[in-house]
Amino acid sequence: MNANDFEQTVKRLNCRQIAWQEARNQFYSDLQAEGRLLRGMRMHLDNAPVGAVTLPGHERDYTERAANHEAAQTLYDAEIVPLDTAIKKARCELDAVTLETKIVEAENMIEQMKEYFS
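Keep in mind that what you see is a predicted model, and the values were worked out from it rather than measured.

Asks: Which parts of the structure should I look at to understand the overall build of the protein?
Replies: Secondary structure assignment for the protein yields three helices and zero strands. Going from the N terminus to the C terminus, the protein shows its helices and strands as α-α-α. A compact globule built from 118 residues would reach a C-alpha radius of gyration of about 13 Å, whereas the protein, at 20 Å, exceeds it by more than 25%. Principal axes of the C-alpha set define a box for the protein whose edges measure 70 × 20 × 15 Å. In the protein, which comprises 118 residues, the proportion classed as buried is 28%.

Asks: Honestly, the nonpolar core in this entry has me stumped. Any pointers?
Replies: When a protein is soluble and globular, its nonpolar side chains tend to lie buried together. Judged by nonpolar contacts, the single largest core of 21 residues is most densely connected at Trp20, Phe27, Ile80 and Leu99. Of all the secondary structure elements, the ones that give two or more residues to this core are helix H1 (3-47), helix H2 (55-92) and helix H3 (96-113). Non-local contacts of leucine 99, meaning those with residues more than four positions away in its chain, are made with Phe6, Val10, Leu13, Gln17, Ile87, Ala90 and Arg91. Counting five residues, the second largest nonpolar core, distinct from the first, contains Leu38, Met41, Leu55 and Tyr62.

Asks: Can you walk me through the state of the cysteines in this structure?
Replies: The term disulfide refers to a covalent linkage connecting the sulfur atoms of a pair of cysteines. What the rule picks out here adds up to zero disulfides. Of all cysteine sulfurs in the structure, the one in cysteine 92 sits closest to cysteine 15, which takes part in no disulfide; the separation is 20 Å.

Asks: Sorry, what's going on with unusual backbone geometry here?
Replies: Of all residues except glycine, most have a negative phi; of all peptide bonds, most are trans. Positive phi, close to 55°, is recorded for leucine 94, a residue that is not glycine. The residue leucine 94 is located in the loop between H2 and H3 in this model. You can call leucine 94 partly exposed: its relative accessible area is 42%.

Asks: Sorry, what's going on with H3 here?
Replies: Helical periodicity: at 3.6 residues per turn, an α-helix aligns residues three or four positions apart in one direction. Its 18 residues place the ends of H3 25 Å apart at the C-alpha level, agreeing with the 26 Å of an ideal helix rising 1.5 Å per residue. Within H3 the residues assigned to the buried category are Ala96, Leu99, Ile103, Ala106, Met109, Ile110 and Met113. For H3, the angular spread of the buried residues around the axis is 125°, confining them to a single face. Opposite the buried face of H3, at more than 90 degrees from it, the exposed residues are Val97 and Asn108.

Asks: Help me understand the pattern of salt bridges, please; the structure alone is not making it clear to me.
Replies: Any two side chains of opposite charge can pair if their charged atoms end up close together. Under the defined criterion, the tally for this structure stands at nine salt bridges. Two residues, glutamate 100 and arginine 12, come together in a salt bridge whose shortest N-O distance is 3.3 Å. With glutamate 100 in helix H3 and arginine 12 in helix H1, this pair connects stretches of sequence that are 88 residues apart. On the basis of relative accessibility, which here comes to 26%, the residue glutamate 100 falls in the partly exposed class. In this structure, glutamate 111 engages lysine 114 in a salt bridge whose closest nitrogen and oxygen atoms are separated by 3.3 Å. Residue classification places glutamate 111 among the partly exposed positions, given a relative accessible area of 47%. Residues joined in a network through salt bridges with shared partners are Arg24, Asp84 and Lys88.

Parameters at a glance
Residues numbered from 1 in each chain as written. Predicted model: local features only at pLDDT ≥ 70, side-chain atom pairs only at ≥ 80, totals over all residues. Heavy atoms only, no water. Helix = DSSP H or I, 4+ residues; strand = E, 2+ residues; numbered from the N terminus. Rg over C-alpha atoms; globule rule 2.2 N^0.38 Å. Buried < 20%, exposed > 50% of the residue type's maximum accessible area, 1.4 Å probe, protein only. Core = buried A, V, L, I, M, F, W, Y, C linked by side-chain atoms within 4.5 Å. Contact = heavy atoms within 4.5 Å. Disulfide = S-S within 2.5 Å. Expected span 1.5 Å × (residues − 1). Arc of directions from axis to C-beta. Salt bridge = Lys/Arg side-chain N within 4 Å of Asp/Glu carboxyl O.

Structure below.
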């Protein structure tokens, strides 16, 4: 594939790649916001009186949110970052076939990302 063919393919894929970048950025922002919220929750739980009646419910909520956050962080580190890097690499190498394949993977990943922080 020559550079001209690559440019034609990329024009077709630009909107889809922008949608991926926006979803990735939003996911990262949500991940950071949830982390800040969890740190605040932990601080309040650590300072709550031992006999507080609602403490077990708040602990349970914290534990569930922390597990979800950890799963989202793992997804981000293990799958989202490498996928984003592969998309950038395909663009740099003018590899339209790989770029399109990775963008399709990214669109599928967006659906997975929606399971967190919605």
